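# A structural walkthrough
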Amino acid sequence: MNGKTQLHNHYNGLKTALLFAIMWAIIMIIWWATGASVNTLGYYVIIGLGASFVSYWFSDKLAIASMHAQPVPEQQAPELYRIVRELSQKADKPMPRIYVAPTSTPNAFATGRNERHAAVCCTQGILQILDEREIRGVLGHELMHVYNHDIRTSAIAGAMATVISYLGYSLMYFGNSTRSNRDSDNGAGALGAVGAMLSVILAPIAASLIQMAISRTREYDADEDGSALTGDPLALASALYKIEHGVAANPMPPTATDRSVAAMMIESPFSARGLSKMFSTHPPTADRIARLQQMAAAMGAPGVNAGMTTGEVGPGYAQPYSQTGYRR
């Protein structure tokens, strides 16, 4: 890493171990809720081992697949490749794979278990509303999530959240076999009802895993580190402004699968209302922009344009990136 780029320590190794411990605890609680039968213990151990293996080794593929993203060849997006290659070389790090997700909600995220198995993904929506300089600011942010080793923890947490959410449904299907023969049909039916209820309760538990793994501080740090890498804090500030308004106009549907990836994105892809703002994994956009403006002022950087000064955030650049680099 060059001398100008600072890495932040988020104790991601410890957090990853804690995530695995929580996942195993939830699996054992589900086993206990189904009757703690020795006959089914092996089934849940296999599920736990399988989930651990998949969460670690295939977390990037799960995140990419959940967004229906596709790899983009360099001839189709030469400017996108040029930006990522330039920033990777500047940081003296391996270049991640590049994907584009076919969604009109503007956003981007990085995923993978380490720097050599990382991927960055932009949605079609973000490529349509941002220009090249703003895209560069966004990619700098995402690459710093890779170099700060945030993506391993976030990707594993997202994969675990999906696994645990669907694991709750096993109570409905395996409940009958976990009770002894002396259990009545009414008892088995009651267990199935409990299983149905727990399957609903487990979804917020899975979301809580994401909340624990992805902190607001890490977004601030990626903003700061990414801007140091690009040397252009106001480009990211302008991008965040556009993304926030783009998401408000065209939010993502809050499905269980999308929630598992949402915490990895540069902005929450969902419409923020009521308590969802309080429990959001992303800090307020206005605060992030204010910090970036302060950073730009400290660097002596000029405003992005007439609508982007140290006291005001405007719409940023006029020409979207899809008209200059990415060809669909």
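Below or above, wherever it landed, is the structure these notes cover. (Residues numbered from 1 in each chain as written. Predicted model: local features only at pLDDT ≥ 70, side-chain atom pairs only at ≥ 80, totals over all residues. Heavy atoms only, no water.)

## Let's talk about helix α3 (residues 59-66)
- Along α3, the residues classified as buried are Ser59, Asp60, Ala63, Ile64 and Ser66. Considered in projection along α3, the buried side chains sweep an arc of 165° and stay on one side of the axis. (Buried < 20%, exposed > 50% of the residue type's maximum accessible area, 1.4 Å probe, protein only. Helix = DSSP H or I, 4+ residues; strand = E, 2+ residues; numbered from the N terminus. Arc of directions from axis to C-beta.)

## Describing the environment of Ser154
- Topologically, Ser154 is positioned in helix α7 (residues 150-167).
- Between the alpha carbons of Ser154 and Ser215 there is a distance of 9.9 Å; along the sequence they are 61 residues apart.

## Topic: the packing of helix α4 (residues 78-91) against helix α6 (residues 132-147)
- In contact at an axis separation of 10 Å, α4 and α6 are set at 45° when each is read in the N-to-C sense. Compared by their axis directions, α4 and α6 come out oblique. Relative to α6, α4 is oriented so that their crossing is right-handed. On α6, the residues that touch Glu79, Leu80, Arg82, Ile83, Val84, Glu86, Leu87, Ser88 and Ala91 of α4 are Glu132, Ile135, Arg136, Leu139, Gly140, Leu143 and Tyr147.
- Here the residues of the contact of α4 with α6 sort into 9 nonpolar, 2 polar and 5 charged. (Axes fitted to C-alpha atoms, helices over the stretch in contact; angles between N-to-C directions. Parallel < 35°, antiparallel > 145°, perpendicular 65-115°, else oblique. Left-handed = near helix turned anticlockwise from the far one by under 90°. Contact = heavy atoms within 4.5 Å. Nonpolar A, V, L, I, M, F, W, Y, C, P; charged D, E, K, R; others polar.)

## With respect to a nonpolar patch on the surface
- On the surface, a cluster of nonpolar side chains totalling about 380 Å² of accessible area is made up of Phe53, Trp57, Phe58 and Leu62.
- Note that Leu62 resides in helix α3.
- Classification of Leu62 as partly exposed rests on a relative accessible area of 38%. (Patch = residues over 30% accessible without salt bridge, like charges linked within 9 Å, V, L, I, M, F, W, Y side chains within 5 Å. Areas by Shrake-Rupley, 256 points an atom, 1.4 Å probe, with all protein chains shown as cover. Salt bridge = Lys/Arg side-chain N within 4 Å of Asp/Glu carboxyl O.)

## Re the pattern of salt bridges
- Inspection of the entire model under this criterion finds 13 salt bridges.
- Across the salt bridge formed by Glu132 and Arg82, the nearest N and O atoms sit 1.9 Å from each other. Remark: Arg82 occurs in helix α4 and Glu132 occurs in helix α6; sequence separation between them is 50 residues.
- A salt bridge links Asp232 to Arg133; its shortest N-O distance comes to 2.3 Å. In this pair, Asp232 is assigned in the loop between α10 (216-230) and α11 (233-249) and Arg133 in helix α6, connecting sequence segments 99 residues apart.
- Salt bridges linked by common partners bring Glu79, Arg82, Glu86, Glu132 and Arg136 together as one network.

## Some remarks on the pairing of strand β4 (residues 118-123)
- By the criterion of burial, β4 is predominantly enclosed, with 6 of the 6 residues buried.
- Pairing geometry for strand β2 (residues 97-101) and β4, over 5 bridges, is parallel. Bridged to Ile98 within β4 is Val120.
- Pairing of strand β3 (residues 108-112) with β4 involves 5 bridges; the strand directions are antiparallel. (Pairing = 2+ DSSP bridges.)

## Describing the sheet that holds β3
- Across the sheet, which stays open at both edges, the 4 strands sit in the order β1-β2-β4-β3 with mixed pairing between neighbours. Taken across any chain shown, the strands that pair with only one partner, and hence form the sheet edges, are β1 (70-71) and β3.
- Examined bridge by bridge, β1 and β2 share 2 bridges and lie antiparallel to one another. The residue bridging Gln70 from the neighbouring strand is Val100, located in β2.
- Lying on the sheet, α6 is in contact with β3 and β4; it crosses β3 at an angle near 20°.

## Regarding the packing of aromatic side chains
- Tallying each qualifying case throughout the model produces 0 aromatic pairs.
- The ring of Tyr220 carries the charged tip of Arg291 above its face, separated from the ring centre by 3.8 Å. (Phe/Tyr/Trp six-rings, centres within 6.5 Å; stacked < 30°, edge-to-face > 60°. Lys NZ or Arg CZ within 6 Å of the ring centre and 35° of its normal.)

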